[in-house]
Amino acid sequence: MKKNKLLAWILALLVCISLAGCGGAQTTEGVNTFRIGTTTSIDTLNPLSSYMQVGFEVFLLIYDPLVRYDENFESVGSLAESWTSSEDGLTWTFNLREGVIWHDGEPLTSDDVKFTYDLMMENGLGYMYSSYLTGISAIECPDEKTVVIKTEEPKANMLMNTTPILPQHIWSEIDTEELELYTNASPVGTGPFKFDSSSEGVIKLVKNDAYFGTVPAMDECVFVSYSNTDTMAQALSLGEIDGAFNIGYAQKKQLDADENVTLISGEIPGFTQIGVNVWTDPASKGNPLLKDKAIRQAIDCAIDKQKMIDMVYGGEGSVGTTLLNPGQFYHYEPTAEELRSYNIEKANARLDQAGYMDTDGDGIREASNGSKLEFSLITIADNSDEIKAGQLIVSDCEKIGIGIKNETMDDGALYDKIISGDFDLFIWGWGGDIDPSVILELLTTGQIGANNEPHFSNAEYDALFLEQATMMDEKERQAAVFEMQRIAYDEAPYIILLYDNNLQAIRSDRWTGFKQIPAETGLFFLNINFDNYINIKPIVE
Amino acid sequence: MKKRSLIQKSIYAVITIFAVLVFNYLLFRVLPGDPLSMMMRNPKATPEMIEGMRQLFGLDQPWYVQLYLYFKNLLAGDLGMSFYFKQPVSSVIGARIMPTIIMVGLAEVVAIFAGIIIGLIAAWKRGTRIDVATLGFSLVTYSMPTFWLGMVIVVVFSVNLHLFPTSGILTPGMTYQTTGAMVADYIRHLILPTLTMSIVLIGEYALTMRNTLTDVLSEDYITTAKAKGFDNKYILRKHALPNAMLPMVTLIAINLGLVVGGTVQVETVFSWPGLGSLMYEALRARDYPLLQGVFLLVTVSVVVANFIADITYSYIDPRVKE
C-alpha cells in the first residue's frame, strides 16, 4: 500500500519535471507578449480611487487624456487634435479628434470630457488627477467634437492636464455614493491598449488595433507583480519577464553583468529630504533653535550627500539642492555663491558667525542662552536606507558641533508627529510631477497642517506660487518658479538629500526600439510618456 | 457525560474566538498613526479628500461606535471594506484563499509523510549513524530561515537547473489551449513553494516522531512483545506507532490551523498570491479591516483545528475518553 503511494508521488514528480523541460516561458504562438515585472501590485482598476504606481501605468495605456507628454515632456495632442486659448487666457477651446471610438465601440464625444471633469471636480474624487483641474470654472460642449473650458484666472498648467477621459455611457450608470468603491473590473477606454484581465497579481492588456495614434508594436503587455526584488531579478535573467522597474540596488551587479539585459538608472521625479520643524506658532513642539536658518544651512553644508548616495543608495541618485529635479525645465540650479556643497569648514564658520559656540568643551555648541544644539532625527522604522542615511548624518553633524539623536518610528506615527509639529528633524521623500505646482505647493502656508511638513510660511513664496500658476508665458513662469526655489533653498525648511533614481531593465536580446525618456537621464517606464509601450518591438530571429 | 463535554468545548471555542476578535480590534487601534495617512500622503491630496475618505470608511466615528459597528456587521457576515483594495474584505480574502490552501495543504501532506518516515527510521535505528544523520537533517531544516531557504531553492532549481519557474502561479500572459495545459503550468509553479514549505515543516514532524517513538520503544510492553517473539515490523506497526501518534495528532492539528496564516515568507519569496502575501500587503498598507479579516480566519481555523484534535483524541486515546 505504502509503496504504491510512494510510486505515485515519484511518478507525479517526473511528469512535472518533464512538463517543465518542454514548457519554458513561451507564450502563445504568433503573439508577442511584453511582460514587465513590478514590485507593487494594483489596488483597484478604478482611476478615481487608485493610488498605486502600477495603476497609473495601466491607466496611461488604457485611457487617453486631452493632451499627453512627448519624449521631451512637451504637451502634444491626444484626444484633442488642436486647441486655442482666448486673448485673456480665460477660455480654452479644444477640438477633439474625429472618429475616436471607445474599446466597446461607442464613439467618443465632447460630453465624455465634460462628464469626466465634472465627476472629479464635483465629488472630489480621483485626487491623483483632479488636482490638474484646479481653477476650471465651467465646461461647455457647443458640439460633439468641441470642448470649451473656462477659468477664472489664466491657468498655466492647462496643457499639463493629463486626466484620463472616462466613458460617460458606463460611468453615468453608477450612483455617486458608489463611485469610489466601484471596481471597474473591466475598464473601457480609448487608449492604445485594451484591458484583457487582472488576476493573481498579473494584469494583461492587448493592443488596440483601432487606436487613432500609432498602434503598439507589441501584441500584449503584461504587468507581473513580485513580492521581492531578488526573485524579480532572477526572473528577468531567466527570461520569464522581458522588462522590470523598481529593481533593487542589490541586484544591480547581477543584471549589469547579464549581456541579455539593458539596465538603466534614470531620474524619477521627486526627492528624499530632511524636513526641519520651522513652525513659528507657539504650538510647535520642535526645538526653537531650528527656526534660525543659519543652523539649517550649516547642517545642509555639513552632510556629505555624495558619500550618502554611494554608501546607502548604491550610487544611484544625484546630490540634492532645490525642490525640482535637475532634469526638468523648471529646475533652479543655485549659483556658486548660493550653493551649499559639502564643506565642514564653511559649516563651522556659518555657526561661529551666528554666535553658536561650544563654551563648555563637550563638543556640542550652545546658543547664547545656553541651550545646546541637540536635535532628534526621526527615520521610518522599516526603511533601512533612510535609517542608514540618518546614521551618516549623525556623524557628519558631530563634526560641526551639532548633536543629533536618531529615533525610528512607524510611518503612521511620524505622520501624526509631523501634522502636530512635534518633531525637530525627520527623513522622508516626495514623488513629483512635470507640473512644478505639485511640489511647489508643499511649502505654501495653506498646506500647513496637511502637506507642508516643516510648517514653513513665507509671504513672498506664497504670492509667487499663486502668480506662477497664472503665467501663460513659459519663460515668465520659469523665472517665478526659479525665484520660489531660490527662496526655499535659502530658507532651507527642507534639506534635500538626493534626487532618487529608479533602476529599470529590458531584455535587449529579445526587444528593440526602446529608449530613455528623456534621453540620457530618463526612464523606460513610469513616465507620463508611453512611447516605449508603443515602440518596443520584438527581435525576429 | 460526553455530550456535556462537547458542549463545554464548543463554548470555550466560541469564547476564545470572541476574545481574540476584541483583542485584534483593539490592537490595531492602539497602534500609532492614522490608517489613511499612508494612502493619502501625496502632494496632490487635499484635506477635504482625506476627510471624505475617512467618512467613507467610518473612521470619523468615535472608537466605541466603530467597535460596535464592527461586531454588528460581523454578525451579519460583513467583514468590512478593505482600505487598500476598496472592495469587501470577504471577496478580497476569497480570491486569495485557494492558492494558499492548495500550496500549504500539499506541503503539509508531504511533510507529514516524510516526517513520520524519517522519525520512524531514526527512532528504530537509534544511536546509529542513520539516526545522527536524520537528526542533523531535521535540526538543520527546522531552524533554517524560510526566506533564505526559498532563495536557495530558486537559485538551484530555477537559475541553475532551469527546471521550474521562479515565481507566480501561472506563466504571465499565457493563453491556454486546454485546461490540462493550464493545470500543468499551475503544477510547475506549485512545486518550488511547496518544496520549501515542506522542508521547513519536515524537521518538526520528524523530531517529534523520533522522540515520542524512542520513548514508546523503551516501554515495558514493547519488551514484552519482543519476548513473545513478534517480528520487528509487527511490533512497530501494532504496538509502537499507535501510541507514538498521539502527540503527532496535536502537532498536525495545530499546524493545519496555521496553514492559513503561516506562509507569509514562502509566499513572499515566490510571489505566490495567497493569504500570506495578502497579509503582508495589508500590513504594509495599514489596511486594518483586511488584516482583521485575515486574523479572524486564522483564529477560527486554529480554534476549530484544535477542537477537532480534542475530539479525535478522545477516540484514539482510550485514556482521554473518560
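Residues numbered from 1 in each chain as written. Chains lettered and ligands numbered in written order. Predicted model: local features only at pLDDT ≥ 70, side-chain atom pairs only at ≥ 80, totals over all residues. Heavy atoms only, no water.

Novice: Explanation requested: the confidence of the model for chain A in the structure shown.
Specialist: It should be kept in mind that the predicted coordinates are not to be read in detail where pLDDT is low. All names here are of chain A. The predicted model of chain A has a mean per-residue pLDDT of 90, with 94% of residues at 70 or higher. Within chain A, helix H1 (residues 2-23) has the poorest average pLDDT of any element, 50, and strand S18 (residues 494-499) the best, 97. Segment residues 16-26: pLDDT under 50, and 16 contacts once partners within four positions in sequence are set aside and those in other chains are kept. (pLDDT = per-residue confidence, 0-100. Helix = DSSP H or I, 4+ residues; strand = E, 2+ residues; numbered from the N terminus. Contact = heavy atoms within 4.5 Å.)

Novice: Sorry if this is basic, but what is going on with the interface of chain A and chain B here?
Specialist: By a widespread convention, an interface's size corresponds to the accessible area lost as its parts come together. Chain A puts 62 residues into the contact, and the matching count from chain B is 57 residues. Summed over both partners, the interface of chain A with chain B comes to about 5,200 Å²; 63% of that surface belongs to carbon and sulfur atoms. The three residues of chain A that bury the most area against chain B are Tyr51(A), Tyr127(A) and Leu181(A), which together make up 12% of that side's buried surface. If you look at where chain A meets chain B, you find three salt bridges. The partner of Lys86(B) in a salt bridge is Asp43(A), with the nearest N and O atoms 3.9 Å apart. Linking chain A to chain B there are 10 residue pairs in polar contact (both at pLDDT 80 or more). At the level of elements, H1, helix H4 (127-130), strand S9 (202-207), strand S10 (220-225), helix H6 (229-238), helix H12 (411-419) and strand S17 (425-431) of chain A are the ones that each hand at least two residues to the side of chain A that touches chain B. Element by element, the count of residues in the side of chain A that touches chain B is highest for H1(A), at seven residues. A breakdown of the residues in the side of chain A that touches chain B according to their chemical character gives 26 nonpolar, 22 polar and 14 charged. (Buried area = accessible area lost by both parts, 1.4 Å probe. Salt bridge = Lys/Arg side-chain N within 4 Å of Asp/Glu carboxyl O. Polar contact = N/O pair within 3.5 Å; in protein donor to acceptor, adjacent residues only side chain to side chain. Nonpolar A, V, L, I, M, F, W, Y, C, P; charged D, E, K, R; others polar.)

Novice: Please clarify how helix H8 (residues 179-217) of chain B should be interpreted in this entry.
Specialist: Taking 1.5 Å per residue, 39 residues should reach 57 Å; H8(B) reaches only 50 Å between its end C-alpha atoms and comes up short. Bending of H8(B) peaks at approximately 30° at the position of Leu190(B), with proline Pro193(B) no more than four residues after it. (Expected span 1.5 Å × (residues − 1). Bend = angle between axes of the 7 residues up to and from the residue.)

Novice: How should I be thinking about the sheet that holds S17(A) in this particular structure?
Specialist: Whenever strands of a sheet pair, they do so through backbone hydrogen bonds, lying parallel or antiparallel. Across the sheet, six strands lie side by side as S14-S18-S13-S17-S15-S16 (chain A); this open sheet has mixed pairing. The two strands at the open ends of the sheet, each matched to only one other strand, are strand S14 (318-319) and strand S16 (403-409) of chain A. (Pairing = 2+ DSSP bridges.)

Novice: Is there a simple way to explain the packing of helix H10 (residues 232-258) of chain B against helix H13 (residues 288-316) of chain B in this structure?
Specialist: The packing of two helices is summarised by the inter-axis angle and the distance between the axes. Residues and elements named next belong to chain B. With their axes 7 Å apart at the nearest point, H10 and H13 run at an angle of 160° to one another. Accordingly, the angle class assigned to the pair H10 and H13 is roughly antiparallel. You can see that H10 and H13 cross each other, and the crossing is right-handed. For the pair formed by H10 and H13, the contact residues are Leu246, Pro247, Val249, Thr250, Ala253, Ile254, Gly257 and Leu258 on the first element and Val298, Ser301, Val302, Ala305, Asn306, Ala309, Tyr313 and Ile316 on the second. The residue inventory of the contact of H10 with H13, partitioned by class, reads 12 nonpolar, four polar and no charged. (Axes fitted to C-alpha atoms, helices over the stretch in contact; angles between N-to-C directions. Parallel < 35°, antiparallel > 145°, perpendicular 65-115°, else oblique. Left-handed = near helix turned anticlockwise from the far one by under 90°.)

Novice: Explanation requested: the packing of aromatic side chains in the structure shown.
Specialist: Geometrically, a pair of aromatic rings is defined through the distance of the ring centres and the angle of the planes. Considering all chains together, one arrives at 30 aromatic pairs over all chains under this definition. Taking the centre distance of 6.2 Å and the plane angle of 40° together, the rings of Trp83(A) and Phe94(A) count as tilted. Of this pair, Trp83(A) sits in strand S4 (residues 80-85) while Phe94(A) sits in strand S5 (residues 91-96), and the two are 11 residues apart along the sequence. With a relative accessible area of 25%, Trp83(A) lands in the partly exposed category. Ring geometry for Phe230(B) against Tyr234(B): centres 5.0 Å apart, planes inclined by 45°, an arrangement best described as tilted. By relative accessible area, which is 34% here, Phe230(B) ends up partly exposed. According to the relative accessible area criterion, Tyr234(B) is partly exposed, its value standing at 33%. Following the ring pairs from residue to residue traces out a cluster consisting of Phe34(A), Phe223(A), Phe245(A), Trp511(A), Phe514(A), Phe524(A), Phe525(A) and Tyr533(A). Cation over ring: Arg340(A) sits above Tyr489(A), and NZ or CZ is 4.0 Å from the ring centre. (Phe/Tyr/Trp six-rings, centres within 6.5 Å; stacked < 30°, edge-to-face > 60°. Buried < 20%, exposed > 50% of the residue type's maximum accessible area, 1.4 Å probe, protein only. Lys NZ or Arg CZ within 6 Å of the ring centre and 35° of its normal.)

Novice: Sorry, what's going on with the pairing of S10(A) here?
Specialist: Every other side chain in a regular strand lies on the same face of the sheet, so the side chains alternate between the two faces. All names here are of chain A. Within S10, six of the six residues are buried, which leaves it mostly tucked inside the rest of the structure. Neither face of S10 is left uncovered, since the one carrying Glu220, Val222 and Val224 and the one carrying Cys221, Phe223 and Ser225 both have all their residues buried. In this sheet, S10 lies alongside strand S1 (residues 33-38) in parallel orientation, the contact comprising six bridges. Directly across from glycine 37, in S10, lies its bridge partner valine 224. Examined bridge by bridge, S9 and S10 share five bridges and lie antiparallel to one another. In the sheet register, valine 206 faces S10, and the bridge partner there is glutamate 220.

Novice: Looking at this structure, I do not really get the pairing of strand S13 (residues 270-276) of chain A. What am I missing?
Specialist: All names here are of chain A. The buried fraction of S13 amounts to seven of the seven residues, a majority that puts the element mostly inside the structure. Here S13 runs beside S17; their pairing, made up of seven bridges, is antiparallel. Bridging across to S17, isoleucine 274 finds its partner in isoleucine 427. Bridge count between S13 and S18: four bridges; the pairing is antiparallel. Its bridge partner lying in S18, glutamine 273 is registered against isoleucine 496.

Novice: Sorry if this is basic, but what is going on with the sheet that holds strand S7 (residues 146-151) of chain A here?
Specialist: All names here are of chain A. Read from one edge of the open sheet, four strands run S4-S5-S7-S6, paired in antiparallel fashion. Because the sheet does not close on itself, it has two edges, and the strands there are S4 and strand S6 (136-143). When strand polarity is set aside, the average angle formed by the axes of neighbouring strands in this sheet is 20°. Seen against the sheet, helix H3 (residues 110-123) touches S5, S6 and S7 and runs at an angle of roughly 160° to S6.

Novice: Sorry, what's going on with the domain arrangement of chain A here?
Specialist: The domain architecture assigned to chain A consists of domain 1 (13-48 + 191-260 + 508-538), domain 2 (67-171) and domain 3 (270-500). Computed from C-alpha coordinates alone, the two centres of domain 1 of chain A and domain 3 of chain A are separated by 37 Å. (Domains from an automatic or database assignment.)

Novice: How do you make sense of the environment of Trp63(B) when you look at a structure like this?
Specialist: All names here are of chain B. Relative to the assigned elements, tryptophan 63 resides in helix H4 (residues 63-75). By relative accessible area, which is 54% here, tryptophan 63 ends up exposed. Other than its neighbours up to four places away in sequence, tryptophan 63 contacts Tyr25 and Leu26.

Novice: Would you explain the nonpolar core in this entry?
Specialist: Generally speaking, a soluble globular protein has its nonpolar side chains buried in company with each other. Core analysis: the largest hydrophobic core is formed by 101 residues, its most contacted members being Leu66(A), Ile149(A), Leu205(A), Cys221(A), Phe223(A), Phe525(A) and Tyr533(A). The element that contributes the greatest number of residues to this core is H13(B), accounting for seven residues. Lining this core are residues from two domains, each supplying at least three of them: domain 1 (13-48 + 191-260 + 508-538) and domain 2 (67-171) of chain A. Apart from residues no more than four positions distant in its own chain, Leu66(A) is found in contact with Gly77(A), Ser78(A), Leu79(A), Ala80(A), Phe94(A), Leu96(A), Val113(A), Tyr117(A), Ile149(A) and Ile165(A). In this structure, Ile274(A), Tyr356(A), Leu497(A) and Tyr499(A) belong to the second largest nonpolar core, which totals 61 residues. (Core = buried A, V, L, I, M, F, W, Y, C linked by side-chain atoms within 4.5 Å.)

Novice: Just to check I follow, could you spell out the pattern of salt bridges for this structure?
Specialist: Side chains that carry opposite charge are capable of pairing whenever their charged atoms lie near each other. Inspection of the entire model under this criterion finds 30 salt bridges over all chains. Here Asp300(A) and Arg340(A) are joined by a salt bridge, their closest N and O atoms 3.0 Å apart. One end of the pair, Asp300(A), is in helix H8 (residues 293-302); the other, Arg340(A), is in the loop between S14 and helix H10 (344-353), with 40 residues separating them in the sequence. Arg340(A) gets classed as buried once you look at its relative accessible area, which sits at 9%. Asp411(A) is the partner of Arg286(B) in a salt bridge, and the nearest nitrogen-oxygen pair spans 2.2 Å. Of this pair, Arg286(B) sits in the loop between helix H12 (275-284) and H13 while Asp411(A) sits in helix H12, each in a different chain.

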